[in-house]
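Read off the chains here:
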Amino acid sequence: MEGLHLLLNGFASSFTAVNLLACFIGALIGTLVGVLPGLGPTATMALILPFTLPYGPTTGLIMMTGVWYGAMYGGSTTSILVNIPGEAASVVTCFDGYQMCRKGRAGPALALVASGSFIAGTIGLLGLQFFAPLLGNAALSFGPPEFLCFMIFAFVLLSNLSSEAPLKGALMITLGLFLSTVGINPMDSYPRFTFGSEKLMLGIDFLPIAMGLFGIAEILSIAVEKYVKPVVHQVRLRDLYPNGDEVRRSVKPMLRGSVLGFFVGLLPGPCTVISTFAAYSLEKRLSRHPEQFGHGAVEGVVAPESANNSAVMGSMVPLLTLGIPFAAPSAIMLAGLRMHNVEPGPMLFTTNPDVFWTFIAAMYVGNLMLLVLNLPLVGLFARVALIRPQILLPVISVLCLVGVYSVRNAMFDVWVMVIAGILGFFLRRWKYPVSPFIIGLVLGPTTENSLRQTLLMFQGDVAGIGDRPLAVALLALAVAFLVFRHWPWARGKGYALKMEEGKSL
Amino acid sequence: MERRLTLETLFEAVLTVLGAAIAAVSWSYGFGTLARPGPGLYPFCIGVATALFGAVALASRLREPARREPPLDPVARRRLALLSGIFVFWIVAMPVLGYVVVTLIAVYASAKTLELEGHVKPLAVAGGTALFIYVLFDHWLYIDLPRGMLAGG
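Residues numbered from 1 in each chain as written. Chains lettered and ligands numbered in written order. Predicted model: local features only at pLDDT ≥ 70, side-chain atom pairs only at ≥ 80, totals over all residues.

A.B. asks: Outline the overall build of chain A, supporting the account with residue identities and numerical values.
C.D. replies: Of the regular secondary structure elements, chain A holds 22 helices and 2 strands. Rg of the C-alpha trace for chain A: 22 Å, near the compact-globule value of 23 Å for 505 residues, within the 12% margin. Each of the three principal axes of chain A carries a C-alpha extent, and together these read 70 × 60 × 55 Å. Residues classed as buried in chain A amount to 60% of the 505 residues present. (Helix = DSSP H or I, 4+ residues; strand = E, 2+ residues; numbered from the N terminus. Rg over C-alpha atoms; globule rule 2.2 N^0.38 Å. Buried ≥ 20, exposed ≤ 12 C-beta atoms within 10 Å, placed from the backbone.)

A.B. asks: Break down the overall build of chain B for me, citing the residues and quoting the values.
C.D. replies: What chain B contains, in helices and strands, is 5 helices and 0 strands. Helices and strands appear in chain B in the N-to-C order α-α-α-α-α. For 153 residues, the compact-globule estimate of 2.2 N^0.38 gives 15 Å, and chain B exceeds it by more than 25% at 24 Å. Oriented by its inertia axes, the alpha-carbon framework of chain B measures out at about 60 × 50 × 25 Å. Expressed as a percentage of its 153 residues, the buried residues of chain B come to 33%. Pairs at least 24 residues apart make up 61% of the contacts formed inside chain B by residues separated by at least 6 positions. (Contact = placed C-beta atoms within 7 Å.)

A.B. asks: Just give me the short version of helix 5 (residues 91-102) of chain A, but keep the residues and values in it.
C.D. replies: Residue and element names in this part refer to chain A. The end-to-end C-alpha distance of helix 5, which contains 12 residues, comes to 17 Å, matching closely the 16 Å that a straight helix rising 1.5 Å per residue would cover. Counting buried positions over the 12 residues of helix 5 gives 10, a clear majority of the element. Every buried residue belonging to helix 5 is among Val 92, Thr 93, Cys 94, Phe 95, Asp 96, Gly 97, Tyr 98, Gln 99, Met 100 and Cys 101, and all of these are buried. On its buried side, helix 5 packs onto helix 4 (57-81), helix 6 (106-139), helix 12 (271-286) and helix 13 (299-322). One or two steps after helix 5, the chain reaches Gly 104, where phi turns positive at roughly 85°. (Expected span 1.5 Å × (residues − 1).)

A.B. asks: Residue-level account of the interface of chain B and chain A, with values.
C.D. replies: Facing 49 residues of chain B, the contacting portion of chain A comprises 44 residues. Put simply, the parts of the chain that give the side of chain B that touches chain A at least two residues each are helix 1 (7-29), helix 2 (41-63), helix 3 (74-97), helix 4 (99-113) and helix 5 (120-140) of chain B.

A.B. asks: I'd like a rundown of the nonpolar core, residues and numbers included.
C.D. replies: For soluble globular proteins, nonpolar side chains are generally found buried alongside one another. Ranked by internal contacts, the top residues of the largest apolar core, which has 204 residues, are Ala109(A), Ala210(A), Met211(A), Ile332(A) and Ile438(A). No other element matches helix 6 of chain A, which puts 16 residues into this core. Mapped onto the domain boundaries, this core takes at least three residues apiece from domain 1 (7-63) and domain 2 (74-151) of chain B. If we ignore the near neighbours within four places in the chain, the residues touching Ala109(A) are Ile80(A), Gly97(A), Met100(A), Cys101(A), Val298(A) and Val301(A). (Core = buried A, V, L, I, M, F, W, Y, C linked by C-beta atoms within 7 Å. Domains from an automatic or database assignment.)

A.B. asks: Now, about the domain arrangement of chain B: what can you tell me, with residues and values included?
C.D. replies: If you check the domain split of chain B, you get domain 1 (7-63) and domain 2 (74-151). Taking only C-alpha atoms into account, the centre of domain 1 of chain B sits 39 Å from that of domain 2 of chain B.

A.B. asks: Outline the confidence of the model for chain A, supporting the account with residue identities and numerical values.
C.D. replies: For chain A, per-residue confidence averages 85 on the pLDDT scale, and residues scoring 70 or more make up 94% of the total. Contacts from residues 496-505 of chain A, a stretch scored under 50 in pLDDT, to residues over four places away or in other chains number 6 contacts. (pLDDT = per-residue confidence, 0-100.)

A.B. asks: Could you give an account of the environment of Leu49(A), naming the residues involved and the relevant values?
C.D. replies: Residue and element names in this part refer to chain A. For Leu 49, the position within the fold is in helix 3 (residues 41-52). Considering only alpha carbons, one finds Leu 49 and Thr 77, 28 residues apart in sequence, at a separation of 26 Å. Dropping the residues within four chain positions of it, Leu 49 is found in contact with Met 64, Leu 207, Ile 332 and Gly 336.

A.B. asks: Tell me what's going on with the packing of helix 14 (residues 328-339) of chain A against helix 20 (residues 435-457) of chain A, and back it up with residues and numbers.
C.D. replies: Two numbers describe a pair of packed helices, the interaxial angle and the distance between the axes. Residue and element names in this part refer to chain A. Look at helix 14 against helix 20: their axes get within 9 Å of each other, and the N-to-C directions meet at 25°. With respect to their mutual orientation, helix 14 and helix 20 come out roughly parallel. When you trace helix 14 past helix 20, the crossing you get is left-handed. Contacts between helix 14 and helix 20 involve Ala 328, Ala 331, Leu 334 and Ala 335 from the former and Ser 435, Ile 438, Ile 439 and Val 442 from the latter. Considered class by class, the residues forming the contact of helix 14 with helix 20 number 7 nonpolar, 1 polar and no charged. (Axes fitted to C-alpha atoms, helices over the stretch in contact; angles between N-to-C directions. Parallel < 35°, antiparallel > 145°, perpendicular 65-115°, else oblique. Left-handed = near helix turned anticlockwise from the far one by under 90°. Nonpolar A, V, L, I, M, F, W, Y, C, P; charged D, E, K, R; others polar.)

A.B. asks: I'd like a description of unusual backbone geometry, backed by residues and values.
C.D. replies: Residues and elements named next belong to chain A. Of note in this structure, Asn 409 is not a glycine but carries a positive phi near 50°. We note that Lys 431 has phi near 60°; this positive angle belongs to a residue other than glycine. Along the chain, the position of Lys 431 falls in the loop between helix 19 (411-429) and helix 20.

A.B. asks: Any details on the packing of helix 7 (residues 144-161) of chain A against helix 21 (residues 469-486) of chain A? Residues and values, ideally.
C.D. replies: All names here are of chain A. Interhelical geometry of helix 7 versus helix 21 gives an angle of 15° and a closest axis separation of 8 Å. The angle between helix 7 and helix 21 falls in the class roughly parallel. The two elements helix 7 and helix 21 meet at a crossing, and its hand is left-handed. For the pair formed by helix 7 and helix 21, the contact residues are Pro 145, Glu 146, Cys 149, Phe 150, Ile 152, Phe 153, Val 156, Leu 157 and Asn 160 on the first element and Leu 470, Ala 471, Leu 474, Leu 475, Leu 477, Ala 478, Phe 481, Leu 482 and Arg 485 on the second. Residue classes in the contact of helix 7 with helix 21 are distributed as 15 nonpolar, 1 polar and 2 charged.

A.B. asks: I'd like a description of helix 2 (residues 17-35) of chain A, backed by residues and values.
C.D. replies: Under the 1.5 Å per step criterion, the end-to-end length of helix 2 of chain A is 27 Å for 19 residues, consistent within 8% with the ideal 27 Å. Within helix 2 of chain A, the full set of buried residues consists of Asn19(A), Ala22(A), Cys23(A), Gly26(A), Ala27(A), Ile29(A), Gly30(A), Thr31(A), Leu32(A), Val33(A), Gly34(A) and Val35(A).

A.B. asks: Which residues make up the environment of Thr93(A), and what are the values?
C.D. replies: Residue and element names in this part refer to chain A. Position of Thr 93 among the secondary structure elements: in helix 5. In this structure Thr 93 comes out as buried when scored by C-beta crowding, with 29 C-beta atoms within 10 Å. Separated by 295 residues in the primary sequence, Thr 93 and Arg 388 have C-alpha atoms spaced 23 Å apart. Excluding its chain neighbours within four sequence positions, the residues that come into contact with Thr 93 are Ser 76, Ser 79, Ile 80, Pro 85, Val 301, Pro 304 and Glu 305.

A.B. asks: Give a description of the confidence of the model for chain B that names residues and reports values.
C.D. replies: Residues and elements named next belong to chain B. On average, chain B scores 89 in pLDDT, and the residues at 70 or more come to 92%. When pLDDT is averaged over each element of chain B, helix 4 comes out on top at 95 and helix 5 at the bottom at 92. For this predicted complex, the interface score ipTM comes out at 0.93, alongside a pTM of 0.85.

A.B. asks: Give a detailed account of the environment of Glu299(A), specifying residues and quantitative values.
C.D. replies: Residue and element names in this part refer to chain A. Tracing the sequence through the fold places Glu 299 in helix 13. Residue Glu 299 is classed as buried on the basis of its C-beta count, with 28 C-beta atoms lying within 10 Å. With 110 residues separating them in the primary sequence, Glu 299 and Asn 409 have C-alpha atoms 49 Å apart. Excluding anything up to four places from it in sequence, Glu 299 contacts Arg 249, Pro 253, Glu 283 and Ser 287.

Listed below in structure tokens is the structure:
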């Protein structure tokens, strides 16, 4: 009953003009970002973060989640109508979405995806509402050793799930962790890696790095590619109605995708992307007609799109309950909340319950807003995809430059962004995952605090961790994951044989 | 077996050296004791991990046959260099010329680099962007952007 009462209070707080407007603007910008190439949700969230500062943490959180969430909606539009995914989590939607479009079923595909996203968002929110306070209460018993072991566990999973080559993921994490040590260490006020520079004393801000790695790098990547004018299939509002068979075939994939996506969202790594592939392959396995996949199977469109929306909500659980972001956009949110002097983690539910419940309530509203926004305006959003990169990229570049400068009025930050952008361009070409870099950068201080507090706690005797069952369990899980991932015999003889035959599972 | 020095190999070598350098510099910050860790312990661990991962990545790359990314074609290389140059120009010239002038030049030059045809369209995009930035950042958000020459000195 207390939860319901808090949720009702959350609805009361969310129905303010500022919060509703933030939700609408976030959802609209997110949808546009999802449709347009050039800025993904992470870079956009980093760009708009400073603008949310005057309006408080709840409004900021609502707006940023709206962007992330809206991008999931928007990405599907171009996947279905143009065969170009607006962002990575919509790649899978192209497989069958565009085929449906070619068969003249683009309207129903869009309508079912929007409905699926709405249902998934609602299920994801229910999951968040249920799991977050539960895990938050459990996390109250976390001490520095548990946090340290959780970080190790998260980094192991992150490096292995973010890239085909775990070493590349691990290198990106260590680089991020290193950058977080630059500046005056708050624990003992000792300057590190500053080399006498006053600018470096303040440390390297995460915003220019995020904007560079996700914004400038994306701009450069698009700029060097040959532009092929997309052909957009037009859809009118009256074309959106799916037939009975399509609705019947979509219901179970929507529900399965929603539940699967939520739980994938709890894992470290690019959860929205992984969830779409997982949902697609699950539906293909369960289908009586797997041969239809890739040729316009409606299940192959609605399941991944439902999954990526609920994955967004799933990934909010570790962020809000433990203060540990598992994906790049949630790392931006963590940094944003910290800028608002709100520390997500177990104490959030006691110190700032209004932030959590207003956010939950506003996301219910935002979810509905996105449905209403996306269905009637689908034709308009599709036309937005026709804006040429020759026009779009120069505008976005300058917006990034001015946006980063405006945060601290520091040209140093702009230099950092441009260098990070050029580095990010090459990292993408060499298939280095950049999300672990950002997550390492944001989690660096927490990791160091946990390590040093753990050592202090046990008087330097690290074997003391053995007396903490939860910490041991987390380390054991990390080791088990590594064994499972890297030693084929651990997965059984059949797997080893398939690997030898060169078949990937 | 063909082995070539690629940019990626060089990057992994740089990371290995960087890791070693981080560890070496951290050494000078002091480790303290395990019971009372000093400021150098944590970055030292990171440096060692970076050097180790970098070295393993480098060694495995040198062991395997050369697998080069298709190189950027001359047009792409030119665009990359020009756009990077435009970013640097924006940073260096902004305090002198002011954000309006620099934005006009940078957007126009970027649009031409990306081969937007004619002069009217690039100028219109540049003008529109400068106006948008003025309205959003200067007029609405009161952000103190350098005006350079426009400030009258």
